[in-house]
Amino acid sequence: MEKFKTLEIVQKPPNSGVFHLNLNRPSHRNALSRDFFSEFPKALASLDQNPDVNVVVLSGAGAHFCAGIDLTTLGSISDSTLSGSDRGRSGEKLRRDIKFLQDAVTSIERCRKPVIAAIHGACIGGGVDIVTACDVRFCTEDAFFSVKEVDLAITADLGSLQRLPAIVGYGHAMELALTGRRFSGSEAKDLGLVSRIFGSKEEMDRGVTLVAEGIASKSPLAVTGTKAVLLRSRDLSLDQGLDYVATWNSAMLVSDDLTEAISAYTQKRNPVFSKL
Ligand SMILES: CC/C=C\C=C\CC(=O)SCCNC(=O)CCNC(=O)[C@H](O)C(C)(C)COP(=O)(O)OP(=O)(O)OC[C@H]1O[C@@H](n2cnc3c(N)ncnc32)[C@H](O)[C@@H]1OP(=O)(O)O
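Since the structure is predicted, the reported quantities are computational estimates derived from the model, not experimental observations.

Turning next to the site of the ligand. Close to the ligand lie 21 residues, the nearest being H64, A67, I69, L71 and G126. Separating a nitrogen atom of the ligand from a backbone N or O atom of A67 is a distance of 2.8 Å. Contacts to the ligand include G126, whose backbone N or O atom sits 2.9 Å from an oxygen atom. Look at the ligand: alone it shows 1,100 Å² of surface, and the protein chains cover 65% of it. For the shell around the ligand, the residue count by class is ten nonpolar, six polar and five charged.

Right under this line is the structure:
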């Protein structure tokens, strides 16, 4: 497994299909550095391509999930932009830079395997961009969230404004993003930002493991199909979404997994599926 400066990948439990991708810069509260933005898509692509991986759990090392963008990185972006003499060219360069950062967050959606965010402590700014791109979100009671960008005089640009409305509704997304206010794990649960809340990190670890192992035991074809179709349907009309899944299943429905699922059901045993 490749080594990273800002991330750590651990298979847990051993020999399971569950791999933990940890934001691993606890001294800086897992603030998102330039290295992170280069490494994160590589790590997700390697998990996507690894046939042993069925589910990815994304969490943060140390006291917090993520303190958002590394504020020193933000400084260097604005310095390099200001150094250009032509405003148009500087702007075009900055646009490419923002697209590079966005692409790192979107790599969560590009990963065919489901990504479960396990959030404790702070989840701020860029942290919210990341978790809103995840497929499932759980948090602890001590978690807190903030769509903080507005307080740094930034229009959030790494995905929260695009993804959050579909998760919590347009009105809540607008209020959270305009105020930048801090909200608790239990409010996040009420809003539907997280689907489950746990009393402690240890309880969340146990709960996430159960859910992740459950998903990992299912047909990998059906699981990756479910993620792909739900994500695609988010951005399509009902008719287009139905058309998309009909085409998807015309290619993927008839499989060894279908035969195995039906055999296991009739033989009253658990199904065993091959890797994807
Ligand atoms: C093109 C633009 C693209 C993206 C833009 C994204 C915008 C955002 O992400 S906005 C959000 C920015 N983040 C913040 O405002 C959070 C700042 N941090 C905090 O509020 C707190 O650190 C905390 C997360 C609540 C944790 O508090 P605590 O546990 O008390 O730790 P601290 O003592 O505050 O910090 C320890 C250590 O970490 C450094 N650090 C924390 N956050 C960041 C950060 N975002 N960037 C860089 N460094 C950070 C902090 O400076 C401390 O460092 P020392 O060297 O130990 O002093």
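In total, this model carries 16 salt bridges according to the counting rule given. Two residues, E109 and R234, come together in a salt bridge whose shortest N-O distance is 3.0 Å. Taken together, the residues E109 in helix α3 (residues 87-110) and R234 in helix α9 (residues 220-234) connect sequence positions 125 residues apart. Assessed through its relative accessible area of 37%, R234 is described here as partly exposed. As a salt-bridge pair, D235 and R234 come within 3.1 Å of each other at their nearest N and O atoms. Given a relative accessible area of 52%, D235 falls into the exposed group. What you see here is one network of salt bridges that share partners, running through E109, R163, R234 and D235.

Let us look at empty space enclosed by the protein. What the rule picks out here adds up to two cavities of 30 Å³ or more. Here the largest cavity is characterised by a volume of approximately 70 Å³. Surrounding the largest cavity, P51, V53, N54, K113, P114, I215, K218, S219, P220, V223, T224 and L276 form its lining. Top element by residues in the lining of the largest cavity is α9. It accounts for three residues.

We now examine a negative patch on the surface. The grouping of E141, D142, E202, E203 and D205 at the surface amounts to a negative patch. Note on placement: E203 falls in helix α8 (residues 201-216).

Cut-offs and rules
Residues numbered from 1 in each chain as written. Predicted model: local features only at pLDDT ≥ 70, side-chain atom pairs only at ≥ 80, totals over all residues. Heavy atoms only, no water. Near = heavy atom within 4 Å. Polar contact = N/O pair within 3.5 Å; in protein donor to acceptor, adjacent residues only side chain to side chain. Areas by Shrake-Rupley, 256 points an atom, 1.4 Å probe, with all protein chains shown as cover. Nonpolar A, V, L, I, M, F, W, Y, C, P; charged D, E, K, R; others polar. Salt bridge = Lys/Arg side-chain N within 4 Å of Asp/Glu carboxyl O. Helix = DSSP H or I, 4+ residues; strand = E, 2+ residues; numbered from the N terminus. Buried < 20%, exposed > 50% of the residue type's maximum accessible area, 1.4 Å probe, protein only. 1 Å grid on protein atoms, 1.4 Å probe; cavity = no way out; pocket = protein on both sides within 12 Å on 5 of 7 lines; lining within 4 Å. Points joined across faces, edges and corners; volume = space filled by probe spheres on them. Patch = residues over 30% accessible without salt bridge, like charges linked within 9 Å, V, L, I, M, F, W, Y side chains within 5 Å. Lys, Arg positive; Asp, Glu negative; His and termini not counted. Charge placed at Lys NZ, Arg CZ, Asp CG, Glu CD.

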